[in-house]
Amino acid sequence: MITLIGVSKVYRPRRVALLDVNVHIGKGEFVFLTGASGAGKSTFLRLLYREQTPTSGQVIVLGQDVARIPMRKVPYLRRQIGVVFQDYKLLSDKTVWDNVAFPLLVTEHPPREIARRVPAVLEQVGLLGYEKNRAGELSGGEQQRVALARSIVLNPAILLADEPTGNLDAGTARIIADLIQDIHRRGSTVVMATHSDWIVNRLRQRVIHLRHGRIVADEYPGRYVHEA
Amino acid sequence: MKPSTWIYYLREAWQGVRSGGLLSLASALAIVVSLAALAVVMILAVNLQHMTRVVENQLQMVAYLVEDFDRTWQDELMRKVKAIPHVKQATFVTREEGLQRLQDQLGSDSVLLEAAAESGNPLPDAVEVEVDDPRYMGQVAAALGTIESVEEVAYRRDIVNRLTALTDGIRNVGLALVLLLAAASLLTVANTVRLTIYARRREIAIMKLVGATNSFIRWPFLLEGFLFGLVGAGLALAIAWGGYSWLVVRVGEGLPFVPVLSPDAVLLQVAQWLLVGGVLLGVGGSVVSLRRFLRV
Ligand SMILES: Nc1ncnc2c1ncn2[C@@H]1O[C@H](COP(=O)(O)OP(=O)(O)O)[C@@H](O)[C@H]1O
Ligand SMILES: [Mg+2]
């Protein structure tokens, strides 16, 4: 499903974000990507949906060498990858419905299917009844649910979540983590970046730990690695 | 493409026009100005061409005779004139008849005629010649010129030449002006669309991340430019139509002998060009902006 071979990413002028990363993530896995701030978690995820390309090495997602596919095929790759962004990236002056329907709209799904699909995912994340609220006026936890609903509305094979509980209180963070676990149970491969030790330790899944851009631990089932 | 997608594009394009505010208005106006100039040039050129053709089809020419022409030679002269190939008809016009005609044309109280009455008739005797085919005007004129006692041959060739030169001049200068205005309006549209792109940069980034194709992202902006072009062309056409209709009536009253084309005939032709020009300017402006500011 996801394979990285000798992947390094160096940002200009010479900040090393990832260094010789080799890893394979199989279909249906749930992987925590942990590490201190600046360890390279976001960069790892961005390479997978081709927001960035590696400086060297190969990133293979769903059987395609992501850096080599032509630009015009990138949208079709992204339709198979749901992403929950660290900063949500919601359209704050549009409604919850519009935000969740957005991926369906821009991929030219017929209105009938949009009307069927949006309520289904809103129910899945517990936001039924919020359709007409503007995204910007919701609480942080609610916005994260909207982001989650949007990321799964296209039924992606892979779900990437970048610190989805980072800005939330413990109770809300748990609910979001449970929702992601629920999405995983329904068959998606999930990669979730986090530095929340108790969530990692509670779910007991595979843990890949990054330090200064290198993988320093990869265990299943893993526990959170505390930096010395 | 699905109708629902088109509805989305149109809604977004209209949103872009509205959020552009005054700049959108400037875009449409810039296109109006360019296209109105194009319309003026076209209307002028088409009319001049028409005038040239009308004049060309007047098959008359006049051979003015020497001042001291001896009228006992009249029959001899007329025989020679009528012997020239392609001369259909020839009429001898005495200087008295010539003056009489001028009086009828200008009215009896003309200053010119008063002057003529004092200093004597300024006109020479003349032969009016009608040719059977406009292509032989030059040939006939040359033959007339060789006849003894013919001082000068006047026919519409000079007027035709002058009209043709005028038409070419107006066309060249006009088109240069139109191109200049077109470039300016292209930039205005490009600027407006650029602003829409800037206002939407966040939305566009998200569209890309959730799997929108580049063409899907571009269409609303192309349509925005298209709308500017359409509105601009419509307004320019309205102005051209109103202005030209008004002018035709005035010319009809004041200068009835000037052959102008009817508005319907001219403007149908002009309308096509304005529409094409408007759409090219609008969509072209969008394309300029999309290439520079929407790296998708
Ligand atoms: N777009 C960028 N340009 C330059 N440096 C970047 C960029 N994104 C991240 N970095 C740097 O790369 C390193 C890894 O960042 P990141 O992948 O965001 O780590 P994490 O998500 O684990 O905090 C950091 O030192 C960060 O400052
Ligand atoms: Mg990060």
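How each quantity is defined
Residue numbering note: each chain is counted from 1, following its sequence as written. All chains are assigned letters beginning with A, and all ligands numbers beginning with 1, in the order in which they are written. In view of the model being predicted, local features appear only for residues whose pLDDT reaches at least 70, and side-chain atom pairs are presented and counted only at 80 or more, with totals across whole chains, interfaces and linings using the full set of residues. Hydrogens and water are ignored here; the side-chain numbers use all heavy atoms of the structure. Two strands make a pair as long as DSSP finds a minimum of two bridges between them. To qualify as a helix, a DSSP run of H or I must reach at least 4 residues; to qualify as a strand, a run of E must reach at least 2; elements of each kind are numbered from the N terminus. The contact criterion used is simple: two residues touch if any of their non-hydrogen atoms lie within 4.5 Å. Here an angle of 0 to 180 degrees is reported between the N-to-C directions of two axes, which are lines fitted to C-alpha atoms, with helices fitted over the stretch in contact. Working definition: with a 1.4 Å probe on protein chains only, accessible area under 20% of the residue-type maximum means buried, over 50% means exposed, and in between means partly exposed. Note on angle classes: values under 35 degrees are labelled roughly parallel, values over 145 roughly antiparallel, values of 65 to 115 roughly perpendicular, and the remainder oblique. Nonpolar residues are Ala, Val, Leu, Ile, Met, Phe, Trp, Tyr, Cys and Pro. Charged residues are Asp, Glu, Lys and Arg, and all others, Gly as well, are polar. We call a residue near a molecule or strand when any one of its heavy atoms sits within 4 Å of it. Polar contact is the term for a pair of N or O atoms within 3.5 Å; when the atoms are in protein, one must be able to donate a hydrogen and the other to accept it, and sequence-neighboring residues count only if both atoms are side-chain atoms. Surface accessibility follows the Shrake-Rupley procedure with a 1.4 Å probe radius. Residue values consider only the protein chains on display as shielding. Cavities and pockets are defined on a 1 Å grid built over the protein atoms alone: a cavity is a set of grid points where a 1.4 Å probe fits but cannot escape, while a pocket is an open set with protein on both sides within 12 Å along at least five of seven lines, and lining residues are those with an atom within 4 Å of any such point. Grid points are joined across faces, edges and corners, and a volume is the space filled by probe spheres set on the points. Residues belong to a common nonpolar core when they are buried Ala, Val, Leu, Ile, Met, Phe, Trp, Tyr or Cys residues joined through side-chain atoms within 4.5 Å. Buried surface area refers to the total accessible area, computed with a probe of radius 1.4 Å, that the two partners give up upon joining, counted for both partners together. Salt bridges, as used here, are contacts in which a Lys or Arg side-chain nitrogen is within 4 Å of a carboxyl oxygen on Asp or Glu.

Undergrad: With reference to specific residues and values, describe the sheet that holds strand β4 (residues 56-61) of chain A.
TA: Residues and elements named next belong to chain A. Overall, antiparallel pairing links the 4 strands, which are arranged β2-β1-β4-β5 in an open sheet. With one partner strand each, in any of the chains shown, β2 (15-25) and β5 (64-65) form the two edges of the open sheet. Sheet topology places strand β1 (residues 2-11) next to β2; 7 bridges connect them, and they run antiparallel. Residue K9 lies in a different strand from β2, and its bridge partner there is L18. Contacts between helix α1 (residues 41-48) and the sheet are confined to β1, β2 and β4, with β1 contributing the most and set at about 120° to the helix.

Undergrad: Quick rundown of the pairing of strand β7 (residues 158-162) of chain A? Include the residues and the values.
TA: Residue and element names in this part refer to chain A. Here β7 lies mainly inside the structure; 5 of its 5 residues are buried. Neither face of β7 is open: one carries I158, L160 and D162, the other L159 and A161, and all of them are buried. Of the strand pairs in this sheet, strand β6 (residues 81-84) and β7 are connected by 4 bridges, and their pairing is parallel. Residue pairing in the sheet places V83 in a bridge with L160 of β7. Bridge count for β7 against strand β8 (residues 189-193) is 5 bridges, and the pairing is parallel.

Undergrad: I'd like to hear about the packing of helix α5 (residues 140-152) of chain A against helix α6 (residues 170-185) of chain A, residue by residue, with values.
TA: Residue and element names in this part refer to chain A. Axis separation between α5 and α6 bottoms out at 10 Å; the angle between their running directions is 10°. Relative to α6, α5 is oriented roughly parallel. For the pair formed by α5 and α6, the contact residues are G141, Q144, R145, L148 and I152 on the first element and T172, I175, I176, L179, I180 and I183 on the second. Grouping the amino acids of the contact of α5 with α6 by side-chain chemistry returns 7 nonpolar, 3 polar and 1 charged.

Undergrad: Any details on the site of ligand 1? Residues and values, ideally.
TA: All names here are of chain A. In the vicinity of ligand 1, the residues found are Y11, R15, A17, A36, S37, G38, A39, G40, K41, S42, T43 and R46. R15 is positioned with one of its side-chain polar atoms (N or O) 3.3 Å from an oxygen atom of ligand 1. The backbone of G40 places a nitrogen or oxygen atom 3.0 Å from an oxygen atom of ligand 1. In the complex, the protein chains occlude 68% of the 560 Å² of accessible area that ligand 1 would expose alone. Elements represented by at least two residues in the shell around ligand 1 include exactly β2 and α1. Looking at the shell around ligand 1, the element that brings in the most residues is α1, giving 4 residues. By residue class, the composition of the shell around ligand 1 is 4 nonpolar, 5 polar and 3 charged.

Undergrad: An account of empty space enclosed by the protein is needed here, citing residue identities and associated values.
TA: Residue and element names in this part refer to chain A. Counted by the stated rule, this structure contains 2 cavities of 30 Å³ or more. What the largest cavity holds in volume is close to 120 Å³. At the level of secondary structure, the elements contributing two or more residues to the lining of the largest cavity comprise β6 and α5. For the lining of the largest cavity, the element with the highest residue contribution is β6, accounting for 3 residues. For the lining of the largest cavity, the class distribution of residues is 8 nonpolar, 2 polar and 3 charged.

Undergrad: Describe in detail the sheet that holds strand β4 (residues 150-155) of chain B, supporting the description with residues and values.
TA: Residue and element names in this part refer to chain B. Across the sheet, which stays open at both edges, the 4 strands sit in the order β2-β3-β1-β4 with antiparallel pairing between neighbours. Each of the sheet's edge strands pairs with one partner strand only, and the pair in question is β2 (87-93) and β4. On average, each strand axis in the sheet is inclined to that of its neighbour by 20°, with strand direction left out of account. Where strand β1 (residues 60-65) lies against strand β3 (residues 126-131), 5 bridges are found, and the strand directions are antiparallel. Bridging from a neighbouring strand, M61 pairs with V129 of β3.

Undergrad: Can you lay out the nonpolar core for me, pointing to particular residues and giving the numbers?
TA: Counting residues in each nonpolar core, the largest one holds 46 residues, and the members touching the most others are F102 of chain A together with M207 and V270 of chain B. Breaking this core down by element, the ones donating at least two residues are α3 (96-106) of chain A together with α1 (3-20), α2 (22-56), α7 (157-199), α8 (201-209), α9 (214-254) and α10 (263-293) of chain B. Element by element, the count of residues in this core is highest for α9 of chain B, at 11 residues. When sequence neighbours within four positions are dropped, the list of residues in contact with V270 of chain B reads A39, M42 and I43 of chain B.

Undergrad: Would you mind going over the interface of chain B and chain A in detail, with residue names and values included?
TA: Taken together, the 18 residues of chain B in the interface contact 21 residues of chain A. With both chains or domains summed, chain B and chain A bury close to 1,800 Å², and 65% of this area falls on carbon and sulfur atoms. Considering only the side of chain B, the residues that lose the most area to chain A are I206, L209 and V210 of chain B, jointly responsible for 34% of the buried surface there. E203 of chain B is the salt-bridge partner of K94 of chain A, the closest N and O atoms lying 3.5 Å from each other. Linking chain B to chain A there are 4 residue pairs in polar contact (both at pLDDT 80 or more).

Undergrad: How would you sum up the layout of surface pockets? Please name residues and give values.
TA: In this model, the largest pocket occupies a volume close to 720 Å³. Among the elements of the structure, α3 and α4 (111-124) of chain A together with α1, α7 and α8 of chain B are those that each provide at least two residues to the lining of the largest pocket. Per element, the largest residue contribution to the lining of the largest pocket is 9 residues, and it comes from α1 of chain B. By residue class, the composition of the lining of the largest pocket is 12 nonpolar, 7 polar and 9 charged.

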